[in-house]
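Coordinate inspection notes
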Amino acid sequence: MEFKINSKVLEKLLSKIIPAVPVRTPMSILENFLFDIQDGSLTVYATDLEMSLISSINVAADDNIKMVLPAKLLYEIIRSLGDTLVHFKVESSSKIKLTTDNGEYDISYLPHDDFPIIPKVPVENETTIAGDDLRRAFEYTSFAIGKEDVRPAMTGMLFEFSDEGLKFITTDSHRLIKHINKNLKFDDNQQYVIPEKAISILLKLISHNDVKFYFSNSNALFKIDDITFISRLINDKYPAYNSVIPLVNENKLKLDAKEILASVKRMILFSIADNKQVRFSIETNDLEISAEDNERGSKAKEHLHCEYDGEPMEIGFNTIYLQEILNHIEDDEIIFKLHSSTKACIIVPSQPKENEDTMFLLMPIRLNN
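First, a word on what this report is: a plain description of the structure on this page. Predicted model, so just to flag it, every value in this text is computed and none were measured. (Residues numbered from 1 in each chain as written. Predicted model: local features only at pLDDT ≥ 70, side-chain atom pairs only at ≥ 80, totals over all residues. Heavy atoms only, no water.)

**So, the packing of helix α1 (residues 7–17) against helix α2 (residues 71–80)**
In contact at an axis separation of 9 Å, α1 and α2 are set at 140° when each is read in the N-to-C sense. Taken together, the axis directions place α1 and α2 in an arrangement best described as oblique. The interaxial crossing formed by α1 with α2 has left-handed handedness. Facing S7, L10, E11, L14 and S15 of α1, the residues of α2 in contact are L74, Y75, I78 and R79. The residue inventory of the contact of α1 with α2, partitioned by class, reads five nonpolar, two polar and two charged. (Axes fitted to C-alpha atoms, helices over the stretch in contact; angles between N-to-C directions. Helix = DSSP H or I, 4+ residues; strand = E, 2+ residues; numbered from the N terminus. Parallel < 35°, antiparallel > 145°, perpendicular 65-115°, else oblique. Left-handed = near helix turned anticlockwise from the far one by under 90°. Contact = heavy atoms within 4.5 Å. Nonpolar A, V, L, I, M, F, W, Y, C, P; charged D, E, K, R; others polar.)

And the structure:
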């Protein structure tokens, strides 16, 4: 059995599939690609049992075959060849020869029988979203996915289908991010939680083109250009996030987004290492932002012009958490919605994008006297 393919074409395909190959695993079969050639079409599979990547291309082949090839070795060989035609020829029941104009490379392959079965996700109830919209939703929210596995659901991103729109929710208990795409609305409210690793891989795969996705009770399937991505869902109920969003935050603080971000970055240099505290002292048209490290004997204080509608207030935040939120707001101005020094703060862009709604919730920290 023989087939031919351009090395650059194959490299491009394998580079998209190899993220699903585990670096370390007790199941050595997972360290391989499954090659499936049927009627001149090569489909390549990779999986770590939690997620799978699949893609197909046309090849010049004289027969059909399924075989399991060492992923890392094959990928490194192909990417090192430059731009050339690669001739694959099955030499025996366990050997395959790769031939180019300048060399020959023999590698072993395994029968396909032991390769894991890729989960099936019914392609029903299709949802289509613009690639740019999905990327933006992920970028706005993914940084606040929880790292602790005490609450497994918080280590993933919630997809919530609702009549308000498609909601993307993340929280690490210090922050809660809610992004709504209002172009997509649904009659039935459904919730699915996708692991952080799957989100990070999807971010690398998303293009400007539309993305189609489907959910079953246990898996999600995304079709992105010529890639099919399947991820196991987190089987844990997501926290009742609406219960922590304050209904009334009547004090509103409007600031220049670039100014407050630059100031917070400077405050990080002066904030105490263990809690990274920054203090907001808010008056009608003046925000005093300060940080202090008593151990090092250093402190900083700046004044920013603001528009503030509310009672004078002092409130503290973790500078790292605050900076990450500010990094994800693209507007020229942002609004802090406050109630008191101990209640959650809501941060929003002053001019939301059409058909989108993004809310950043940040818990305050206790101020040092």
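Moving on from the model shown.
**Focus on the nonpolar core**
Ranked by internal contacts, the top residues of the largest apolar core, which has 64 residues, are F35 and F159. Those residues in contact with F35, other than ones at most four positions away along the chain, are F3, L10, L14, L42, T43, V44, I65, K66, M67, L69 and L74. Counting 34 residues, the second-largest nonpolar core is a separate cluster that includes V264, I289, L304 and M313. (Core = buried A, V, L, I, M, F, W, Y, C linked by side-chain atoms within 4.5 Å. Buried < 20%, exposed > 50% of the residue type's maximum accessible area, 1.4 Å probe, protein only.)

**Structural notes on a negative patch on the surface**
On the surface, D256, E259, E307, D332 and E333 cluster together into a negatively charged patch. Within the fold, D332 resides in the loop between α6 (319–327) and β24 (333–338). Looking at D332, the relative accessible area reads 60%, which means it is exposed. (Patch = residues over 30% accessible without salt bridge, like charges linked within 9 Å, V, L, I, M, F, W, Y side chains within 5 Å. Areas by Shrake-Rupley, 256 points an atom, 1.4 Å probe, with all protein chains shown as cover. Salt bridge = Lys/Arg side-chain N within 4 Å of Asp/Glu carboxyl O. Lys, Arg positive; Asp, Glu negative; His and termini not counted. Charge placed at Lys NZ, Arg CZ, Asp CG, Glu CD.)

**Some words on the sheet that holds strand β20 (residues 286–293)**
Read from one edge to the other, the open sheet built from four strands follows the order β21-β20-β19-β23, with strand pairing classed as antiparallel. Of all strands in the sheet, those with a lone pairing partner are β21 (298–305) and β23 (313–318), marking the two edges. For this sheet, the mean inter-axis angle between neighbouring strands, taken without regard to orientation, is 20°. Strand direction decides the pairing type here: strand β19 (residues 277–282) and β23, joined by six bridges, are antiparallel. Across the sheet, the residue bridging to S281 is E314, located in β23. Where helix α5 (residues 257–268) meets the sheet, it contacts β19, β20 and β21, and its direction lies at approximately 175° from that of β21. Against the sheet, α6 engages β19 and β23, with an angle of about 85° to β23. (Pairing = 2+ DSSP bridges.)

**Quick word on the pairing of strand β15 (residues 211–215)**
Most of β15 sits out of view: four of its five residues are buried. Both β15 and strand β16 (residues 219–224) contribute to a ladder of five bridges, which runs antiparallel. Counterpart to Y214 in the pairing with β16 is L221. With antiparallel pairing between neighbouring strands as the criterion, β15 and β16 make up a hairpin whose turn holds three residues.

**Thoughts on the sheet that holds strand β9 (residues 104–108)**
Strand order in the open sheet made by the five strands is β5-β1-β7-β8-β9, with antiparallel pairing throughout. Each of the sheet's edge strands pairs with one partner strand only, and the pair in question is β5 (60–61) and β9. Contacts from α1 reach β1 (2–6) and β7 (85–90) within the one sheet, and its direction differs from that of β1 by about 85°.

**Notes on the pattern of salt bridges**
Taken as a whole and judged by the stated rule, the model has 18 salt bridges. E139 is the partner of R135 in a salt bridge, and the nearest nitrogen-oxygen pair spans 3.9 Å. With R135 and E139 both in helix α3 (residues 131–141) and four residues apart, this pair spans about one turn of that helix. Under the relative-accessibility criterion, R135 is labelled partly exposed at 25%. Note that E302 is salt-bridged to R266, the shortest N-O span being 2.6 Å. Separated by 36 residues along the polypeptide, E302 in strand β21 and R266 in helix α5 bring together distant segments of the chain. In this structure R266 comes out as partly exposed when scored by relative accessible area, which is 39%. A cluster of three or more residues bridged by salt bridges with shared partners is formed by K97, E104 and D106.

**Re the environment of D62**
Examined against the element boundaries, D62 turns out to sit in the loop between β5 and β6 (65–70). Polar side-chain contacts of D62 include one of 2.9 Å to the backbone nitrogen of E2. (Polar contact = N/O pair within 3.5 Å; in protein donor to acceptor, adjacent residues only side chain to side chain.)

**A word on unusual backbone geometry**
Non-glycine residue N125 carries a positive phi angle of around 50°. The topology assignment puts N125 in the loop between β9 and β10 (127–129).

**Details of the packing of α3 against helix α4 (residues 196–205)**
Remark: α3 packs on α4, axes separated minimally by 10 Å, with the N-to-C direction vectors making an angle of 140°. Taken together, the axes of α3 and α4 lie oblique to each other. The element α3 and its partner α4 pack so that their crossing is left-handed. Residues R135, F138 and E139 of α3 form the contact with α4, whose participating residues are I199, L202 and L203. Split by residue class, the contact of α3 with α4 holds four nonpolar, no polar and two charged.

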